[in-house]
Amino acid sequence: MPGQKLDAIDRKILAELQRDGRMTNVELAKRVGISAPPCLRRVRTLEEQGYIRGYHAQVDVRQLGFEVQVFAMVGLQSQAEADLSAFEERCRNWPLVRECHMLNGEVDFVLKCVAPDLSSFQSFLTSELLTAPNVGSVKTSLVIRAAKEAPGVPFDILEERVARTA
């Protein structure tokens, strides 16, 4: 099971940093029950091993003037690996596309997009997404409101799984 090579303190460190990535190392060490120097070593090791990929501020998109959030379900004409990779690269270069996930099922990708207004999104949709090579279909859904936005993983479930396998 992934995550098993982490001990309980590493998992506590990850849970605390996921909850609040801005806390000081001293505060983090206090919360996980170890002194600051070994806590910092553990954090650096978790970063080096790829468990911590970065630290980000969670910004309010609407406060910044991005009033429109849209999920776009994209079907491609070809699912050959080269075509999938080319579409993923194109998505990485579109600023309005904030997330791109390849799916199994009726659609090939779901994109999370933000735009300042509906006309900006419509312009992106009609001049870039719909005209991109290999795009066969696009269905969009406008976000009315978000009921939950929880990044990362539920550490309580991870702890339950670890306890069951111990």
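If you're wondering where the values come from, they're calculated on a predicted model, not measured in any experiment. (Residues numbered from 1 in each chain as written. Predicted model: local features only at pLDDT ≥ 70, side-chain atom pairs only at ≥ 80, totals over all residues. Heavy atoms only, no water.)

S.K.: Describe the overall build of the chain, and please don't skip the residues or the numbers.
M.R.: Per the secondary structure count, the chain includes six helices and four strands. Sequence-ordered secondary structure for the chain, helices as α and strands as β, is α-α-α-β-α-β-β-α-β-α. For the chain, whose C-alpha radius of gyration is 20 Å, the value lies well above the compact-globule estimate of 15 Å for 166 residues. When burial is assessed residue by residue, the chain has 30% of its 166 residues classed as buried. In the chain, once contacts between residues fewer than 6 apart in sequence are set aside, the share between residues at least 24 apart is 62%. If you sum the accessible surface of the chain, you get close to 11200 Å²; carbon and sulfur atoms cover 52% of it. (Helix = DSSP H or I, 4+ residues; strand = E, 2+ residues; numbered from the N terminus. Rg over C-alpha atoms; globule rule 2.2 N^0.38 Å. Buried < 20%, exposed > 50% of the residue type's maximum accessible area, 1.4 Å probe, protein only. Contact = heavy atoms within 4.5 Å. Areas by Shrake-Rupley, 256 points an atom, 1.4 Å probe, with all protein chains shown as cover.)

S.K.: Residue-level account of the packing of aromatic side chains, with values.
M.R.: Under the definition given, this model contains four aromatic pairs. Their ring planes at 75 degrees and their centres at 6.2 Å tell us that Phe 87 and Trp 94 sit as a pair that is edge-to-face. Here the aromatic rings of Phe 87 and Phe 109 are separated by 4.8 Å at their centres, their planes lie at 50 degrees, and the arrangement is tilted. With a gap of 22 residues between them, Phe 87 in helix α4 (residues 81-93) and Phe 109 in strand β3 (residues 109-115) connect regions that are remote in the sequence. A residue is classified by how much of its surface remains accessible, and Phe 87, at 2% relative accessible area, is buried. Site record: aromatic cluster; members linked through ring pairs are Phe 87, Trp 94, Phe 109, Phe 121 and Phe 124. (Phe/Tyr/Trp six-rings, centres within 6.5 Å; stacked < 30°, edge-to-face > 60°.)

S.K.: Quick rundown of the packing of helix α1 (residues 8-19) against helix α6 (residues 155-165)? Include the residues and the values.
M.R.: Remark: α1 packs on α6, axes separated minimally by 10 Å, with the N-to-C direction vectors making an angle of 165 degrees. The orientation of α1 relative to α6 falls into the category roughly antiparallel. Considering only the axes of α1 and α6, their crossing is right-handed. Every residue of α6 that contacts α1 at Arg 11, Leu 14, Ala 15 and Gln 18 is listed here: Phe 155, Leu 158, Glu 159 and Val 162. Counted by class, the contact of α1 with α6 contains five nonpolar, one polar and two charged residues. (Axes fitted to C-alpha atoms, helices over the stretch in contact; angles between N-to-C directions. Parallel < 35°, antiparallel > 145°, perpendicular 65-115°, else oblique. Left-handed = near helix turned anticlockwise from the far one by under 90°. Nonpolar A, V, L, I, M, F, W, Y, C, P; charged D, E, K, R; others polar.)

S.K.: Can you explain the domain arrangement of the chain? Please cite residues and give values.
M.R.: The assigned domain composition of the chain is domain 1 (1-58) and domain 2 (62-142). Measuring from the centre of the C-alpha atoms in domain 1 to the corresponding centre in domain 2 gives 34 Å. (Domains from an automatic or database assignment.)

S.K.: I'd like a description of the UniProt feature "domain: HTH asnC-type" (unreviewed entry) in the chain, backed by residues and values.
M.R.: Following the UniProt record, the feature "domain: HTH asnC-type" (unreviewed entry) maps to residues 6-67 here. Secondary structure across residues 6-67 comprises 53% helix and 0% strand; the distance between its end C-alpha atoms is 40 Å. (UniProt positions renumbered as here; feature names shortened; annotations may be inferred.)

S.K.: Run through the nonpolar core, naming residues and quoting values.
M.R.: Counting 22 residues, the largest nonpolar core has Val 74, Phe 87, Trp 94, Leu 111, Phe 121, Phe 124 and Leu 129 as its most contacted members. Listing elements by their share of this core, those giving two or more residues are β1 (68-76), α4, β3, α5 (118-129) and β4 (135-142). With five residues, β1 is the largest single contributor of residues to this core. Excluding anything up to four places from it in sequence, Phe 124 contacts Trp 94, Leu 96, Val 97, Cys 113 and Leu 129. Membership of the second largest hydrophobic core comes to 16 residues, among which are Leu 14, Ala 15, Cys 39 and Leu 158. (Core = buried A, V, L, I, M, F, W, Y, C linked by side-chain atoms within 4.5 Å.)

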